[in-house]
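One letter stands for each residue in the lines below.
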Amino acid sequence: MATMSEQSEQKVVFGLDIGTRSVVGTVGYMQDNTFNVMAQTVRKHETRAMLDGQIHDIGKVGSTIKEVKEALEEKTQIHLTDVCIAAAGRVLRTVKTNFEEEYTDNREMTQEEIYNLESKAVEKAYQEFLQQNQSDMKFYLVGYSVMHYYLDDYQIANLEGHNAGRVALDLIATFLPDDCVDGLYKACERADLKVANMTLEPIAAMMVAIPPQFRMLNLALVDVGAGTSDICITDDGTITSYGMLPIAGDSITEIIAQHCLVDFNTADQIKIDASHMEQVKYIDIMGLEKTISSKEIAKMIKPLVEKMSKMVTQQIKQLNGNKPVSAVFVVGGGGCVPGYTKALAKEMKIPEERVALRGEEVMKNIKFLEENSEVERDSLMVTPLGICVSFYEQSNNFVFVSFNGQQTKIYDNGKLAIVDAAMQADFPNEDLFPKRGEELRFSVNGQERMVRGEPGESAVITLNGSPADIHTKIHANDIIEVQSSTTGKPGRSELADITEFKGTFNITVDGKSIDVPRTAEVNGEPQTGYYNIKTGDEIKILDYETAEQIARLLDIELTEDTVITVNNEVAGMDTPVYENFKVEFKSGKDAVLEYYQNFPDADMVAIEQENEESSYDADAELNVEENEDGSYSISGNEDRVKPEPAPAPSRRVITRDLHVLVNNEPITLHGKSDYIFVDIFDEIDFDLSKPNGRSIVTTLNGGTPDYMQAIHEGDKIEVYWK
């Protein structure tokens, strides 16, 4: 028996296809790009120790593996210690999810941003998967495929280069349960075998069924087994997604068993024979020998074949972004039934020649050295041979790496990077990328604003002691150290940083043109440009200054006597002054004098009491009597005279105007020489007939006047309702 070193020098590979019904073993080696098969053997399970690719009885499966190992050792005279295995595609778990993220800074989407988005989507799929299964079991990420990208709710082929707004993606992620992997490892250990390489059955089948030069194309591989149809989609040289349907060869076998009245095993043999024989003989449960044609069997199973092909087509399209693939390769015994590939081509709406059953014709790079092999060289052997070939690919298997001191087992899909190891080690995704500080959100004139926090530092990553990043490729036994990324400072802004606050507007103050800075209110309170904005602040940028603010800005002293006018109208401290307005500040005396400087002098002059003296001597004593004829007789004068009417005495009064301030507004009273308080109501707009339950308040130079009290030039009067 050859020693271990001889096996290692020859690179002899021992592969096991541990299936639901049987275990197929293959021993061979690669030479000049050709895999040489030294020996093959198959053993069926004595009991149902496996169901749907899952080991239920590790001891019994281990015993079957040991039988296969010993048989091959006897044939090859090589002591087998290392084995290559594959997990069944039917044990894979696929999760479809949608992930959305909104970017508020309108950044350009880069490859790293897209990769970060996809990583978050995979993590979400993993969490959803754990919730659905409600299990503490560990799962390995096998692969994922993005079905669609979206930008602002519109589907888009590629996000790179676009300005980000609201981005989203639909993604399918595939996971392999740890208990399946653990069961296969333990069963091999029972046969004194060490697992040297572990891959997935769909990948193993692809190694043989799809030549390397075709793997860059968008293809589908369908492995129609006994209980399930395993599907994988290839593109750009790798498998992008996986699927499984619980309908396959056993469903067809059951129909044949019912129609032919035979047991399940006999029906299964009829199915196999019909794939390459025109007439099939069998004995039914009554002991009668019967013959059935392959055409009759094809007609019998046609409805189920069409149903299977329809389901497979729907699954392929879903996994491939709702579009058909370029071609389909079929392997496995279930795919050999008549009419299956034609039905699949019809449903897929592609030419029949693009759906092919792969068997011996794809084994051009495989050389069988064993004569009279017990194993037939057909589509059933594609997966067992692929398990051996995958050993030389150095990918699509499980490897161990050290992640922050923790030994981590991870599935190597051929493009393994540090970010994949981080995910498998449950390292938080957000701790890989720089974390921005908290956003500062506020509003300006009713419009929402946001200031982003500063970015933190990226995670510090080393691979085998050398600097690395999340995209750095990794291999078996690599040592990875990751220090979490940091969070940046929160968003910060002062009022002075707001664009609208930086502007000025022009006004005229006391005849001079002045540029006045804008002011702002925060939550209703005036604030300066040095105010640090807080989250939730409501900021209003004012388009005016009050008269008081302008005076303070220009160091103008305001007193009780100061009169403020805006656009030649008397104003108050709080009167708003807008752009291009004119404002003046004067003392009360100056304001009154200036206002009335062009009025004529109205000082009181002497009043002439009589225009002329009486026509009669005031000292004479005359006795005037009226006669019967209407004439008058004057005693002391004998002459009778006809009296003439005496002119009425005339008084010429010189009037004056009086100037006062009523409610801070200048008022002029006209037409009198003297004025009393009540005269002001003739000049002001104040309706005394509408008190509405209020009382009138009057003041004269700060005191309480009498309505008949005299008023004088420049008096300050107030009249209002209270």
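Residues numbered from 1 in each chain as written. Predicted model: local features only at pLDDT ≥ 70, side-chain atom pairs only at ≥ 80, totals over all residues. Heavy atoms only, no water.

Student: Provide a residue-level description of the overall build of the protein chain, including the pertinent values.
Tutor: Assigned secondary structure in the protein chain consists of 13 helices and 42 strands. Relative to its full complement of 722 residues, the protein chain shows a buried share of 46%. In the protein chain, of all internal contacts separated by at least 6 residues, the share reaching a separation of at least 24 is 62%. Only carbon and sulfur atoms are counted for the fraction: they give 46% of the accessible area of the protein chain, which is about 39,000 Å². (Helix = DSSP H or I, 4+ residues; strand = E, 2+ residues; numbered from the N terminus. Buried < 20%, exposed > 50% of the residue type's maximum accessible area, 1.4 Å probe, protein only. Contact = heavy atoms within 4.5 Å. Areas by Shrake-Rupley, 256 points an atom, 1.4 Å probe, with all protein chains shown as cover.)

Student: I'd like a description of the packing of helix H6 (residues 249-260) against helix H8 (residues 294-319), backed by residues and values.
Tutor: Look at H6 against H8: their axes get within 10 Å of each other, and the N-to-C directions meet at 145°. The way H6 lies across H8 gives a crossing that is right-handed. Between H6, through Ser 251, Ile 252, Ile 255, Ile 256 and His 259, and H8, the contact on the second element is made entirely by Glu 296, Ile 297, Met 300, Ile 301, Leu 304, Val 305 and Met 308. Of the residues contributing to the contact of H6 with H8, the split by class is nine nonpolar, two polar and one charged. (Axes fitted to C-alpha atoms, helices over the stretch in contact; angles between N-to-C directions. Left-handed = near helix turned anticlockwise from the far one by under 90°. Nonpolar A, V, L, I, M, F, W, Y, C, P; charged D, E, K, R; others polar.)

Student: Describe in detail empty space enclosed by the protein, supporting the description with residues and values.
Tutor: Tallied over the full model, the rule gives two cavities of 30 Å³ or more. Taken together, Tyr 126, Phe 139, Tyr 140, Leu 141, Phe 175, Met 423, Gln 424 and Asp 426 make up the full set of residues lining the largest cavity. Elements with a contribution of two residues or more to the lining of the largest cavity: strand S8 (139-151) and helix H11 (418-424). At three residues, S8 tops the list of elements feeding residues into the lining of the largest cavity. Grouping the amino acids of the lining of the largest cavity by side-chain chemistry returns six nonpolar, one polar and one charged. Along the lines of polarity and charge, the residues of the lining of the second largest cavity split into six nonpolar, one polar and one charged. (1 Å grid on protein atoms, 1.4 Å probe; cavity = no way out; pocket = protein on both sides within 12 Å on 5 of 7 lines; lining within 4 Å. Points joined across faces, edges and corners; volume = space filled by probe spheres on them.)

Student: Any chance you could break down H8 for me, citing the residues and the numbers?
Tutor: It helps to recall that an α-helix has 3.6 residues per turn; residues three or four apart then point in one direction. Taking the largest bend as the criterion, H8 deviates by roughly 55°, centred on Lys 302, and proline Pro 303 comes between one and four positions later. Trailing H8 by a residue or two, Gly 321 shows a phi angle of about 75°, which is positive. (Bend = angle between axes of the 7 residues up to and from the residue.)

Student: Residues and numbers for the packing of H8 against helix H9 (residues 340-348), please.
Tutor: Packing of H8 against H9 brings their axes to within 8 Å, and their N-to-C directions diverge by 45°. The orientation of H8 relative to H9 falls into the category oblique. Seen from above, H8 lies across H9 with right-handed handedness. Side by side, H8 and H9 meet where Val 305, Met 308, Ser 309, Lys 310, Val 312, Thr 313, Ile 316 and Lys 317 of the first sit next to Tyr 340, Ala 343, Leu 344, Glu 347 and Met 348 of the second. The class makeup of the residues in the contact of H8 with H9 is eight nonpolar, two polar and three charged. (Parallel < 35°, antiparallel > 145°, perpendicular 65-115°, else oblique.)

Student: Talk me through the nonpolar core; I want residue IDs and the actual numbers.
Tutor: Counting 68 residues, the largest nonpolar core has Leu 16, Ile 65, Ile 85, Leu 176, Met 198, Leu 200 and Leu 221 as the members making the most contacts within it. Among the elements that take part in this core, helix H5 (residues 201-209) stands out by supplying seven residues, more than any other. (Core = buried A, V, L, I, M, F, W, Y, C linked by side-chain atoms within 4.5 Å.)

Student: So what about unusual backbone geometry? Which residues, and what values?
Tutor: At Asn 523, a position not held by glycine, the phi torsion is positive, near 55°. Positionally, Asn 523 belongs in the loop between strand S29 (520-522) and strand S30 (525-527). The backbone of Asn 701 shows a phi angle near 50°, a positive value even though the residue is not glycine. By the element assignment, Asn 701 lies in the loop between strand S41 (696-700) and strand S42 (716-721).

Student: Pulling in residues and values, what's your account of the layout of surface pockets?
Tutor: There is about 1,000 Å³ of room inside the second largest pocket. Along its surface, the second largest pocket is lined by 42 residues, and Glu 118, Tyr 144, Val 146, Thr 240 and Lys 415 are the ones closest to its centre. For the lining of the second largest pocket, the elements supplying multiple residues, two or more each, are helix H3 (111-133), S8, strand S9 (154-156), strand S13 (229-235), strand S14 (238-245), strand S21 (406-412) and H11. Broken down by element, the residue count for the lining of the second largest pocket peaks at nine residues, all from S8. Grouping the amino acids of the lining of the second largest pocket by side-chain chemistry returns 20 nonpolar, 15 polar and seven charged.

Student: I'd love a proper account of the sheet that holds strand S36 (residues 582-587), names of residues and values included.
Tutor: Strands sit in the order S28-S27-S36-S33-S34 across an open sheet of five strands; the sheet is mixed. In this open sheet, the two strands that pair with only one neighbour each are strand S28 (512-517) and strand S34 (569-571). Pairs of neighbouring strands in the sheet enclose a mean axial angle of 35°, with direction left out of account. Bridge count between strand S33 (residues 562-566) and S34: three bridges; the pairing is antiparallel. Across the sheet, residue Thr 565 finds its bridge partner in S34, namely Val 570. (Pairing = 2+ DSSP bridges.)

Student: Which residues make up the packing of aromatic side chains, and what values do they have?
Tutor: The geometry of an aromatic ring pair is captured by two quantities: the separation of the ring centres and the angle between the planes. Taken as a whole and assessed by the stated rule, the structure comprises five aromatic pairs. The interplanar angle of 55° and the centroid separation of 5.3 Å between the aromatic rings of Tyr 544 and Tyr 578 together place this pair among those described as tilted. Linking Tyr 544 in strand S32 (residues 544-546) with Tyr 578 in strand S35 (residues 576-578), this pair joins segments that are 34 residues apart in sequence. The partly exposed category is assigned to Tyr 578, whose relative accessible area is 31%. The structure contains a cluster of three or more aromatic residues connected by ring pairs, namely Tyr 544, Tyr 578 and Phe 581. Note that Lys 409 overlies the ring of Tyr 185, its terminal NZ or CZ placed 4.7 Å from the centroid. (Phe/Tyr/Trp six-rings, centres within 6.5 Å; stacked < 30°, edge-to-face > 60°. Lys NZ or Arg CZ within 6 Å of the ring centre and 35° of its normal.)

Student: A description of the pairing of strand S40 (residues 665-672) should follow, citing residues and the corresponding values.
Tutor: Sheet topology places strand S39 (residues 656-662) next to S40; six bridges connect them, and they run antiparallel. Residue pairing across strands places Leu 661 opposite Pro 666, the latter belonging to S40. Hairpin connection between S39 and S40: a loop of two residues separates the two successive antiparallel strands, and Asn 663 in this loop has a positive phi of roughly 55°.

Student: Before we move on, can you summarise the environment of Leu 72 with the specific residues and values?
Tutor: Assignment of secondary structure puts Leu 72 in helix H2 (residues 58-76). For the pair Leu 72 and Val 27, spaced 45 residues apart in sequence, the C-alpha separation works out to 7.3 Å. In this structure, Leu 72 is in contact with Phe 14, Gly 25, Thr 26, Val 27, Ala 39, Gln 40, Thr 41, Gln 77 and Leu 80, ignoring residues within four places of it in sequence.

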